[in-house]
Amino acid sequence: MAGVNLAVIYYSATGTNYQMAKWAAESGRQAGAAVKVLRVEELATEEAIDSNPAWKAHVEATKDVPVAKVEDLVWADAIIFSMPSRFGNVPSQMKQFLDMTGGIWSKGKLVNKVVSAMSSADNPHGGQESTIKAIYTTMMHWGAIIAAPGYSDPSLFEAGGNPYGASVTVDTENHMIEKVEDAVRYQGARTVTISSWIKQGHSRWNE
Ligand SMILES: Cc1cc2nc3c(=O)[nH]c(=O)nc-3n(C[C@H](O)[C@H](O)[C@H](O)COP(=O)(O)O)c2cc1C
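Residues numbered from 1 in each chain as written. Predicted model: local features only at pLDDT ≥ 70, side-chain atom pairs only at ≥ 80, totals over all residues. Heavy atoms only, no water.

Within the protein chain one finds nine helices and six strands. Against the compact-globule benchmark of 17 Å for 207 residues, the protein chain has a radius of gyration of 16 Å, which places it among compact chains. Oriented by its inertia axes, the alpha-carbon framework of the protein chain measures out at about 55 × 40 × 25 Å. Residue pairs at least 24 apart in sequence account for 78% of intrachain contacts in the protein chain once pairs closer than 6 positions are excluded. Carbon and sulfur atoms provide 54% of the accessible area of the protein chain, an area that totals close to 10000 Å². Between the centroid of the 18 positive side chains of the protein chain and the centroid of its 22 negative side chains there is a distance of 9 Å. (Helix = DSSP H or I, 4+ residues; strand = E, 2+ residues; numbered from the N terminus. Rg over C-alpha atoms; globule rule 2.2 N^0.38 Å. Contact = heavy atoms within 4.5 Å. Areas by Shrake-Rupley, 256 points an atom, 1.4 Å probe, with all protein chains shown as cover. Lys, Arg positive; Asp, Glu negative; His and termini not counted. Charge placed at Lys NZ, Arg CZ, Asp CG, Glu CD.)

Next comes the structure, spelled out in structure tokens:
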């Protein structure tokens, strides 16, 4: 769609947000975007990772997924972030990535990026909404344009009705409880579509 570059940047310990990132990437591609799926760097100690077999297996399974760099944000017109809740907040791994963007932020390179975010937690009210809102605070400081889905599609209701971004509850065996795939796919396509509107409008403005 109008030459939109989409970066789907995620953190996942046990695979949920990786799956959501892949769904969003696929729908972004179907909407015509050039897409990169990128993980933020793992910062946890080997000891912590080894103590959780699901975490260890996920780290091993995704070791070849490229690690996000700040230059990927410059490349992107649209960015979707996906990350689990950590006590209602953004995981430190994602926060560390955001904290590396000072240089490009100060050059105005993050202005007008179209962004949205997704999340997960173990409980239906375990912090999905506050985690998404937390990352949106940083997006406002960037001058990015937040494309929250609101209630603009029926799929959002099936996924639990989080208007800030698609989110899901995960059970003890890491299964997703709500039917979130369609909402994620919708959000992927919507973020790309809105980005194409901004991009086209911006180039007309500069004609
Ligand atoms: C340090 C830590 C804090 C967490 N805090 C919460 C919480 O407050 N509420 C909750 O429901 N789940 C909490 N969780 C569960 C994670 O959100 C859950 O494991 C995650 O959403 C699964 O996503 P992933 O498979 O992509 O890693 C926490 C997990 C960890 C490791």
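On to the site of the ligand. Taken together, 15 residues are adjacent to the ligand, and Ser12, Thr14, Thr16, Ser120 and Asn123 come closest. Contacts to the ligand include Phe87, whose backbone N or O atom sits 3.0 Å from a nitrogen atom. Ala121 is positioned with one of its backbone polar atoms (N or O) 3.4 Å from an oxygen atom of the ligand. Computed on the free molecule, the ligand has an accessible area of 630 Å², of which 76% lies beneath the protein chains in the complex. Because more than half of its atoms lie within 2 Å of the grid, the ligand is assigned to the largest pocket. Classifying every residue of the shell around the ligand gives four nonpolar, nine polar and two charged. (Near = heavy atom within 4 Å. Polar contact = N/O pair within 3.5 Å; in protein donor to acceptor, adjacent residues only side chain to side chain. 1 Å grid on protein atoms, 1.4 Å probe; cavity = no way out; pocket = protein on both sides within 12 Å on 5 of 7 lines; lining within 4 Å. Sits in = over half its atoms within 2 Å of the grid points. Nonpolar A, V, L, I, M, F, W, Y, C, P; charged D, E, K, R; others polar.)

Among the nonpolar cores identified, the biggest contains 29 residues, and Ile9, Leu73, Phe81, Ile135, Met139 and Trp142 are the most heavily contacted of them. For this core, the secondary structure elements donating two or more residues are β1 (5–10), α4 (70–75), β3 (78–84), α5 (92–98), β4 (114–121) and α7 (128–142). Sort the elements by how many residues they give to this core and α7 lands first, with five residues. Those residues in contact with Met139, other than ones at most four positions away along the chain, are Phe81, Leu98, Val115, Ala144 and Ile146. By size, the runner-up hydrophobic cluster in this structure holds 28 residues, among which are Leu6, Ala24, Val170 and Tyr186. (Core = buried A, V, L, I, M, F, W, Y, C linked by side-chain atoms within 4.5 Å. Buried < 20%, exposed > 50% of the residue type's maximum accessible area, 1.4 Å probe, protein only.)

Right, let's get into unusual backbone geometry. At Phe87, a position not held by glycine, the phi torsion is positive, near 55°. Looking at the element boundaries, Phe87 is found in the loop between β3 and α5. A positive phi angle, close to 65°, is found at Asn174, a residue other than glycine. Among the secondary structure elements, Asn174 is positioned in the loop between β6 (167–169) and α9 (181–205).

So, on to the pattern of salt bridges. Using the criterion set out here, one finds eight salt bridges in the structure. By sharing partners, the salt bridges in this structure join Glu26, Glu181 and Arg185 into a single network. (Salt bridge = Lys/Arg side-chain N within 4 Å of Asp/Glu carboxyl O.)

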